[in-house]
Amino acid sequence: MTTLADKKVLLGITGGIAAYKTPELVRRLRDAGAQVRVVMTPAAQAFIAPLTLQAVSGHRVHSELLDAEAEAGMGHIELARWADELVIAPATAHAIARLAHGFADDLLATLALATEARISVVPAMNRVMWASRPVTENCQRLEALGMRLLGPASGEQACGEVGAGRMIEPDQIVAALSDKTDLLAGHRFVVTAGPTHEALDPVRFLGNRSSGRMGFCLAAALAEAGARVDLVAGPVNLATPPGVSRCDVQSAREMLAAVMARIEGADGFVGVAAVADYRPESVADHKIKKSDEALAMRLVPNPDILAEVSKHPARPSLVMGFAAETRDLAEAARQKLARKQLDLIAANLVGDGLAFDCKENALEVFSTERHWSLPQQAKSMLARALVDIIAERMPSKGG
Ligand code: PMT
């Protein structure tokens, strides 16, 4: 069921080859019940004619910031006020940079500043550009400013290369815009994310490569679906998603304490964090001095936060874990599902640049009776797919 009925969607098209998919996007949005107006940058018009968008949207296409005709009717402020949703698709690296830095020298950039509508940015670019540091940092800035990224997808690109950077399909954009804000309304979730750091001495720690991105994307998607979310984050460098309450911790034991302080009354718990299984038995009071001798260190097991939550007297009705495996993914995940008495487990292959500290991932999700395969895609999209699986299994709160 789509819930775009009577939503006012302003579609901003920028100059990328994926602009050829936008007439189809407009059609799908209108099929889902949305009213659609289109804004094009000058570069977008090199890829697709405004007349095509005018025909499919049923309205004049806007492109000029200073347009006497438009100012008399739908000027940029009116358009900004009109919209419930601003979707920028495709969003080029250039458009993302401009949005991230608040430019206001063309109609689309100005609208993005002037609107109070939710802004969704749908990136499309060459895979090397997508992986570049400036684009990564600009995207982080967009998210910190409250805009959401939809995609990109992986696959064959217009430039002939294969990798992440393709615009997601019109159907996926429509699904992401569809109003799911009440899907998990009334539910509260506790989510862990990121690594833990286990101190060796005042300046050193044992840690791992988790960036926290998967857990933060899941927290954001749960909040988008209407849930109240308490995010317990290990040491990461990420902005708190809108509507999420965050507690920062360093070690596994601190993470356990923060989770336990929040678990009473929670409806769901999702352990995405890469919690260190072991910690040094003792922490040196002073920096350990270098010597020519080998250094032996005794490690002791950390508490298993997920297992503790699962057997807690106030166990949430849904407890979900992740499994990071380098082999035998399905078998290992099923074993963890049973051993820790979980309702769901999402398993990913790790190592060789997979899953940890990257923007994309693929997940195999298991319950005792079902299996879902979520192919390689942006972690933000994966998180939304996980929310659909989670929501199916949550008892209704009524209302
Ligand atoms: O943070 P990113 O860079 O985005 O990367 C995402 C991720 C790879 C970290 C994520 O997708 C993931 O796989 N998270 C789980 C990592 C992990 O520790 O897996 P595991 O198989 O060792 O642990 C199984 C489950 O037990 C996990 O839910 C973990 O949170 C939990 N656990 C583990 C040990 C422990 N002491 N306490 C726990 O709660």
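Quantities reported herein were computed from a predicted structural model and do not represent experimental measurements.

Caption draft 1: Layout of the overall build of the chain. When its secondary structure is counted, the chain shows 14 helices and 19 strands. Computed over the C-alpha atoms, the radius of gyration of the chain is 23 Å, within 12% of the 21 Å expected from 2.2 N^0.38 for a compact globule of 399 residues. Once the C-alpha set of the chain is aligned to its principal axes, its extents read approximately 75 × 55 × 35 Å. In the chain, which comprises 399 residues, the proportion classed as buried is 52%. Long-range contacts, defined as pairs at least 24 residues apart, comprise 68% of the intrachain contacts of the chain with a sequence gap of at least 6. For the chain, the exposed surface amounts to about 18700 Å²; the carbon and sulfur share of it is 51%. With 43 positive and 47 negative side-chain charges, the chain shows a separation of 3 Å between the mean positions of the two kinds.

Caption draft 2: Summary view of the pattern of salt bridges. Under the defined criterion, the tally for this structure stands at 24 salt bridges. The closest approach of N and O atoms between Arg 148 and Glu 224, which form a salt bridge, is 2.8 Å. Taken together, the positions of Arg 148 in strand S5 (residues 148-149) and Glu 224 in helix H10 (residues 213-224) put the pair 76 residues apart, joining distant regions of the chain. Linking Lys 336 and Glu 325 is a salt bridge whose minimum nitrogen-to-oxygen distance equals 2.6 Å. One end of the pair, Lys 336, is in helix H13 (residues 329-339); the other, Glu 325, is in strand S16 (residues 318-325), and eleven residues separate them in sequence. Through salt bridges with shared partners, a single ionic network connects Glu 24, Arg 27, Arg 28 and Asp 171.

Caption draft 3: Looking closely at the packing of aromatic side chains. Considering all chains together, one arrives at zero aromatic pairs under this definition. The aromatic ring of Trp 130 is capped on one face by Lys 359, whose charged end is 3.9 Å from the ring centroid.

Caption draft 4: Representation of the nonpolar core. Grouped together as the largest cluster of nonpolar side chains are 39 residues, with contacts concentrated most on Phe 189 and Leu 222. Aside from chain neighbours lying at most four places away, what touches Phe 189 is Leu 184, Leu 222, Ala 227, Arg 228, Val 229, Asp 230, Gly 268, Phe 269, Val 270, Leu 318, Ile 390 and Met 394. Counting 32 residues, the second largest nonpolar core, distinct from the first, contains Val 38, Leu 150, Ile 168 and Leu 177.

Caption draft 5: A look at the sheet that holds strand S2 (residues 35-40). The strand order across the open sheet formed by five strands is S2-S1-S3-S4-S5, and the pairing between neighbours is parallel. A single partner strand is all that each edge strand has here, and the edge strands are S2 and S5. The pairing of strand S3 (residues 85-91) with strand S4 (residues 118-123) spans five bridges and is classified as parallel. Residue pairing across strands places Ala 91 opposite Pro 123, the latter belonging to S4. Packed on one face of the sheet, helix H6 (residues 107-114) meets strand S1 (8-13), S2, S3 and S4 and runs near 145 degrees to S3.

Caption draft 6: Spotlight on the pairing of S1. When you tally the buried positions in S1, you get five out of six residues, the bulk of the element. As defined by bridge partners, S1 adjoins S2 across six bridges and the pair is classed as parallel. Its bridge partner being in S2, Leu 10 is matched across the sheet by Arg 37. Running through helix H1 (residues 22-31), the crossover from S1 to the neighbouring parallel element S2 is right-handed. Relative to S3, S1 is paired through four bridges, and the arrangement is parallel. Counted as the bridge partner of Leu 11 is Val 87 from S3.

Caption draft 7: Structural detail: the domain arrangement of the chain. Parsing the chain into structural domains produces domain 1 (8-177) and domain 2 (188-393). Look at where the C-alpha atoms of domain 1 and domain 2 centre, and you get two points 33 Å apart. Residue-level contacts link 17 residues of domain 1 with eleven residues of domain 2. Interface area, domain 1 with domain 2, both sides summed: about 1100 Å², of which 50% is carbon and sulfur. Looking only at domain 1, the three residues that lose the most surface to domain 2 are Glu 143, Arg 148 and Ser 154, adding up to 27% of its buried area. Seen at the junction of domain 1 and domain 2, the total is two salt bridges. If you look at where domain 1 meets domain 2, you find five residue pairs in polar contact (both at pLDDT 80 or more). Contributing elements (two or more residues each) for the side of domain 1 that touches domain 2: helix H7 (127-131), helix H8 (133-144), S5 and strand S6 (153-156). If you tally residues by element for the side of domain 1 that touches domain 2, the top one is H8, at three residues. Grouping the amino acids of the side of domain 1 that touches domain 2 by side-chain chemistry returns nine nonpolar, five polar and three charged.

Caption draft 8: Summary view of H6. In terms of residue burial, H6 counts as a mostly covered element, since six of its eight residues are buried. Restricting attention to buried positions, one finds in H6 the residues Leu 107, Leu 108, Ala 109, Thr 110, Leu 111 and Ala 112. Contacts made by the buried residues of H6 are with S1, S2, helix H4 (76-82), S3, helix H5 (93-100) and S4. Residue Asp 106 occupies the N-cap position of H6, its side-chain oxygen lying 3.3 Å from the main-chain nitrogen of Leu 108.

Basis of the calculations
Residues numbered from 1 in each chain as written. Predicted model: local features only at pLDDT ≥ 70, side-chain atom pairs only at ≥ 80, totals over all residues. Heavy atoms only, no water. Helix = DSSP H or I, 4+ residues; strand = E, 2+ residues; numbered from the N terminus. Rg over C-alpha atoms; globule rule 2.2 N^0.38 Å. Buried < 20%, exposed > 50% of the residue type's maximum accessible area, 1.4 Å probe, protein only. Contact = heavy atoms within 4.5 Å. Areas by Shrake-Rupley, 256 points an atom, 1.4 Å probe, with all protein chains shown as cover. Lys, Arg positive; Asp, Glu negative; His and termini not counted. Charge placed at Lys NZ, Arg CZ, Asp CG, Glu CD. Salt bridge = Lys/Arg side-chain N within 4 Å of Asp/Glu carboxyl O. Phe/Tyr/Trp six-rings, centres within 6.5 Å; stacked < 30°, edge-to-face > 60°. Lys NZ or Arg CZ within 6 Å of the ring centre and 35° of its normal. Core = buried A, V, L, I, M, F, W, Y, C linked by side-chain atoms within 4.5 Å. Pairing = 2+ DSSP bridges. Axes fitted to C-alpha atoms, helices over the stretch in contact; angles between N-to-C directions. Right-handed = clockwise from strand over helix to strand, strands pointing away. Domains from an automatic or database assignment. Buried area = accessible area lost by both parts, 1.4 Å probe. Polar contact = N/O pair within 3.5 Å; in protein donor to acceptor, adjacent residues only side chain to side chain. Nonpolar A, V, L, I, M, F, W, Y, C, P; charged D, E, K, R; others polar.

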